[in-house]
Amino acid sequence: MSKRIVSATINGEVAEFLVEPYETLLEGLRNDLGLMGSKEGCGNGNCGACNVILNGALVNSCCVLALEANGATVTTIEGIAQGDHLHPIQQSFLENAALQCGICTPGFIVAAKALLDAEPDADEGRIRHYLAGNLCRCTGYDKIVRAVIDARDEMRQPAGTR
Amino acid sequence: MVTTDKPAYKVIGTRPLRPDGIDKVTGRAVYGSDIHLPGTLYGRIKRSPHAHAIIKRINTAKAEALPGVRGVVTAADFGGDPAALPDVSKNILAGDKVLYRGHAVAAVSAISDLIARQACDLIEVEYEVLEPNLDVREAMLAGAPILHPNMRTRTPAGPSENASNVVAHAAVAFGDADKAFAEEDLVVVEIETKTQMVHQGYIEPQATTAMWNPDGHLTVWTCTQGSFPARASISAILGHPISKIKVIPTEIGGGFGGKIAVYLEPVAALLSKKSGKPVKMTMDRVDVFEGTGPTPGTSIRAKLGATKDGKLRAFYADLAYENGAFAGSAANYATMCIAVGYDIEHVKLDAYDVVVNKPRTQDYRAPSSPAAMFAIEQLIDEMAQKLNIDVETLRMQNICKPGTRGPMGMPHQAPGHEECVRQAMNSEHYKSPLEGPNRGRGTASGFWFNVGLRSSVSVTVQPDGNVSLIEGSTDIGGTRASLAMQLAETLGIAYDDVTPTVVDTDSVGYNDVTAGSRVTFGTGMAVYEAGKNVIKEMTARLAPTWQCPAEDITFEGGTFKNADGSKTGTFKEIAQAVVGRGPGLTASGSVNAGFLQGGGFAHAIVDVEVDPETGKVTILRYTAIQDAGTAIHPSYVEGQMQGGAVQGIGWALNEEYYYDDTGRMANSSYLDYRIPTTLDVPMIDTIIVEVPNPLHPFGVRGVGEPGIVPPLAAIANAISHATGVRQTQLPMNPRRILETTNNGK
């Protein structure tokens, strides 16, 4: 088997890279593009540390082939902040002390963004349901859920009043 | 937060943002597997499919012949003294025997991860399969298959005569428990508990990169809880001088005790030496479950005796801990925790460390204490029921005070147990009645003794009057913040004026592991010491300018002052004067903070609902109460309490190493070894108690560990109140609940 070209819009910019046909999107992001923010915790879709948004849908990038991203739009943790402005979810994670070791944090933030972009009014029950695919072993989830609730409230403020 | 008398701090007790926070919310922070040097080779481990077998022969020829392979190593390649760290060495590459499924037998480096994996498949290992020991009590019996023919049991009377699977028997006795049980008129309750191995479950698998330079300098990047102890282990295993090894700690994605021991580091170093290239090795999740160290499964028999009016008089426990394939996480720690919450005159404990054909255990958050407290705190609950006394009242009646016998027989100095239980009883949770069918409330206490050990830091005063803090304790959950806050408090400056950095083993003095709840405590003492030394040096430099003896200059509340108060200056003003125009100023602080360091008590109140149809237990409400001594950064103290509580909930309700008869772990994935998710737990309420620790300049106690101790027993007590049936085995999963409550028919 020989390598194939993947062309995708990643964090707003077009990227072309060569992948093995069996390579996962997570491997492509990390090893070919140097986007190390997506993490591998389990390699089989159980922990969510590798979460990215692929064509608007939240996916475990360890369970997607890199080739499947050809022609797609991908948002990774590196694309959440705008310039030097943290996204409200990132700011809320900091202010709520919602991370300890930080290894699961990129996945949680990407997942929370996918949720709040689609469902800006998600309540605590919905947030807990949506984030159940992301494992955290440090925090007990309390401060993570609070951070997402606070970010939701911040994001619901009309533009200009933030 | 509940605060007893404490000084008015300016920085301590506030909740600033952590210095490493932005890197961690943007994906920039560099963890173990994020290291990637040019020309890196990929290493993989060949593991045993058997739980117990003799290695007859290893043939690596086919693997070495595979194109792209750059090296193959086995235990024969280790160059160290075989007597140095034999267990660690044999655990990371087996010698003549494999002792558990997943035991490493060889390793390969190759130009791609895929080729390295293919090469592992081509390594031929011929085994003579032996019968495995999979039960701790059976492994103790005469006639059980022996794991280590040379092992003799360490006992108080000396080593045993015959080979045994019992590593050690620790016997602890205060008073005369046998006599008290036999002769006093006591109400006695007994329990026999059993728990299974559980894993720390850190989300980041082990990952290491090693580069062995031809001049003998070895650099190792690794996600470790202790870069200095890791360096010492690598040195001993490879027989390579410690001063030629530099360990660079990356960010660490969780550890909880599981990232103290080395696994991949010496192997990657050997593979790098063979190939002349950097070698990166990572584990996958199955490797982590099968090939690293979970915490022991246990079998405990305990009994408690009290007078009819509720005075606890005698306690006995026989504690057997599965160490796994080699001597591991020690049962002896349990003897230092199990009965120290109460004033009990007669205590007798027999603790056994036992090898079985499972992975070599490692410490896990308050190691040995949770399973021990699962036993005694259920006995406390049962005693209260039998005596018809409120259980918290029974605890308070017997609670330890200053001077009560504590861990290792040493008197407690300022134990926070009493304040924890008092705050629990005053809490809104405790005062709210729990209503509804199939529901129950449970409480339990926990203790971890907290270690001090050795730490070094250095502090450099910058020309603008800000300071940098150089530390060697890897930051596993916010200690850059908690140390920077202590330095700011010591120097009378703002938190933002301190820039903390975690550095490698060549760049700061010795630091023990980030474990034992010790960094904010022990490294905090080194920070305080370094801060004092900075002030001393600044005072010495100021004296000639102020034309007075250095002894006449005082520093208080962030301000230098001469004897008559005619000259004053803030830290920043003086720093700019003496450093901005003078030679550089760096001061260090190094401490050996000893072993037992005050200890920390925790307590929990939990409400559960048990579904009689399915046996599923739902946590309705949980309040964690814990003595932090002084909470440096209350948010991260709460985080430790909440995280410990939820790990304990997972341990209580669902987690276990589930083995088949051949010693194969049947659930070595996060799908089947299911740790709690957001859906499994409610918000975890916290009450921080502050009974200052007299052994620390700011009164700090370690807070990392005690929170995992109470939930096992607290949940068991709650289930027992909901169902009327006492729970003696973990996990209390739906199957167990249905079996024990007979509702499954």
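From a predicted model like this one, the values you see are computed outputs, not experimental measurements.

A. Representation of the overall build of chain A. For chain A, the helix and strand inventory stands at five helices and five strands. For chain A, the sequential pattern of α-helices and β-strands runs β-β-α-β-β-β-α-α-α-α. The C-alpha atoms of chain A give 16 Å as radius of gyration, which agrees with the globular expectation for 162 residues (15 Å, within 12%). C-alpha atoms of chain A, sized along the principal axes, occupy 50 × 35 × 25 Å. Put simply, chain A has 162 residues, and 57% of those count as buried. Across chain A, the fraction of contacts at a sequence separation of at least 24, relative to all contacts at a separation of at least 6, is 57%.

B. Inspection of the overall build of chain B at higher detail. The number of helices and strands found in chain B is 20 helices and 29 strands. Rg of the C-alpha trace for chain B: 27 Å, near the compact-globule value of 27 Å for 745 residues, within the 12% margin. C-alpha extents for chain B along the principal axes are approximately 85 × 75 × 50 Å. Considering chain B as a whole, with its 745 residues, one finds that 60% of them fall into the buried category. Summarising the internal contacts of chain B: among those between residues at least 6 apart in sequence, 81% fall at separations of at least 24.

C. Here's a closer look at the pairing of strand S3 (residues 51-54) of chain A. All names here are of chain A. Alternating residues of S3 divide into Asn51 and Ile53 and Val52 and Leu54, and every residue in both groups is buried. As paired elements, S3 and strand S4 (residues 57-60) share four bridges and run antiparallel to each other. Counted as the bridge partner of Leu54 is Ala57 from S4. As paired elements, S3 and strand S5 (residues 73-75) share two bridges and run antiparallel to each other. Paired with Leu54 across the two strands is Val74, which belongs to S5.

D. Representation of the interface of chain B and chain A in the model. Opposite the 42 residues of chain B that make contact, chain A presents 42 residues. Contributing elements (two or more residues each) for the side of chain B that touches chain A: helix H1 (21-26) and helix H18 (634-653) of chain B. For the side of chain B that touches chain A, the element with the highest residue contribution is H18(B), accounting for eight residues. Looking at the side of chain B that touches chain A, its residues break down into 18 nonpolar, 17 polar and seven charged.

E. Structural context of the sheet that holds strand S3 (residues 53-59) of chain B. The strand order across the open sheet formed by three strands is S5-S3-S7 (chain B), and the pairing between neighbours is antiparallel. At either margin of the open sheet sits one strand with a lone partner, and together these are strand S5 (97-98) and strand S7 (124-129) of chain B.

F. Structural view of helix H17 (residues 571-578) of chain B. Residues and elements named next belong to chain B. Those residues of H17 not exposed but buried are Phe571, Ile574, Ala575 and Val578. Across the axial projection of H17, the buried residues extend over an arc of 100°, all falling on one side. Where H17 is buried, its residues meet strand S20 (454-461), helix H15 (479-491), helix H16 (519-546), strand S24 (559-561) and strand S25 (568-570).

G. Structural detail: the nonpolar core. The biggest cluster of nonpolar side chains holds 285 residues, and the ones touching the most others in it are B:Leu319 and B:Ile715. In contact with B:Leu319, not counting residues within four places along its chain, are B:Thr298, B:Ile300, B:Ala331, B:Ala334, B:Leu349, B:Ala351, B:Tyr352 and B:Ala372.

H. Quick peek at the packing of helix H11 (residues 369-387) of chain B against helix H12 (residues 391-398) of chain B. All names here are of chain B. The N-to-C vectors of H11 and H12 enclose an angle of 110°; their axes lie 9 Å apart at closest approach. With respect to each other, H11 and H12 are oriented roughly perpendicular. Along the contact surface, H11 presents Ile380, Asp381, Met383 and Ala384, while H12 presents Val391, Leu394 and Arg395. Each residue belonging to the contact of H11 with H12 can be placed in one class, and the counts come to five nonpolar, no polar and two charged.

I. View of unusual backbone geometry. Residues and elements named next belong to chain B. Residue Pro731 follows Leu730 across a cis peptide bond; omega there is -5°. By the element assignment, Pro731 lies in the loop between helix H19 (710-723) and helix H20 (734-741). At Asn450, a position not held by glycine, the phi torsion is positive, near 70°. Mapping Asn450 onto the fold places it in the loop between strand S19 (439-448) and S20. Of the residues examined, Asn450 has 29 C-beta atoms within 10 Å and is grouped as buried.

J. Main features of the sheet that holds S4(A). Residues and elements named next belong to chain A. Spatially, S2-S1-S5-S3-S4 is the arrangement adopted by the five strands of the open sheet, whose pairing is mixed. Each edge of the open sheet carries a strand with a single partner, namely strand S2 (13-19) and S4. In this sheet, adjacent strand axes meet at a mean angle of 40° when their direction is disregarded. Bridge count for strand S1 (residues 4-10) against S2 is seven bridges, and the pairing is antiparallel. Its bridge partner being in S2, Val6 is matched across the sheet by Phe17. The sheet contacts of helix H1 (residues 25-32) involve S1 and S2, and relative to S2 the element is tilted by about 100°.

K. Spotlight on the confidence of the model for chain B. Averaged over all residues, the pLDDT of chain B is 96; the fraction at 70 or higher stands at 99%. Of the two predicted TM-score estimates for the complex, the pTM is 0.97 and the ipTM is 0.98.

L. Focus on the environment of B:Arg441. Residues and elements named next belong to chain B. Within the element layout of this structure, Arg441 appears in strand S19. The class of Arg441 is buried, set by 21 C-beta atoms lying within 10 Å. Between the alpha carbons of Arg441 and Ala714 there is a distance of 8.2 Å; along the sequence they are 273 residues apart.

M. Structural detail: the packing of H12(B) against helix H13 (residues 417-426) of chain B. Residue and element names in this part refer to chain B. Orientation of H12 relative to H13, taken along the N-to-C sense of each, is 155°, at an axis distance of 10 Å. Here H12 lies roughly antiparallel to H13, going by the angle between them. Two packed elements cross with a definite hand, and for H12 against H13 that hand is left-handed. In this structure, H12 contributes Glu392, Arg395 and Met396 to the contact, and H13 contributes Glu418, Val421, Ala424 and Met425. Counted by class, the contact of H12 with H13 contains four nonpolar, no polar and three charged residues.

N. Focus on the environment of B:Ala104. Residue and element names in this part refer to chain B. Positionally, Ala104 belongs in strand S6 (residues 104-110). By C-beta crowding, Ala104 is classed as buried, having 22 other C-beta atoms within 10 Å. In sequence terms Ala104 and Asn91 are 13 residues apart; their C-alpha atoms lie 7.2 Å from each other. When near neighbours in sequence (up to four residues on either side) are disregarded, Ala104 contacts Ile45, Arg47, Ile92, Leu93, Ala94 and Gly291.

O. Structural context of the environment of B:Leu387. Residue and element names in this part refer to chain B. Positionally, Leu387 belongs in helix H11. We classify Leu387 as partly exposed; it has 17 C-beta atoms within 10 Å. In this structure the C-alpha to C-alpha distance between Leu387 and Thr307, which are 80 residues apart in sequence, comes to 9.2 Å. Setting aside its immediate chain neighbours within four residues, Leu387 contacts Val187, Ala306, Lys308 and Gly310.

Rules behind the numbers
- Residues numbered from 1 in each chain as written.
- Chains lettered and ligands numbered in written order.
- Predicted model: local features only at pLDDT ≥ 70, side-chain atom pairs only at ≥ 80, totals over all residues.
- Helix = DSSP H or I, 4+ residues; strand = E, 2+ residues; numbered from the N terminus.
- Rg over C-alpha atoms; globule rule 2.2 N^0.38 Å.
- Buried ≥ 20, exposed ≤ 12 C-beta atoms within 10 Å, placed from the backbone.
- Contact = placed C-beta atoms within 7 Å.
- Pairing = 2+ DSSP bridges.
- Nonpolar A, V, L, I, M, F, W, Y, C, P; charged D, E, K, R; others polar.
- Arc of directions from axis to C-beta.
- Core = buried A, V, L, I, M, F, W, Y, C linked by C-beta atoms within 7 Å.
- Axes fitted to C-alpha atoms, helices over the stretch in contact; angles between N-to-C directions.
- Parallel < 35°, antiparallel > 145°, perpendicular 65-115°, else oblique.
- pLDDT = per-residue confidence, 0-100.
- Left-handed = near helix turned anticlockwise from the far one by under 90°.

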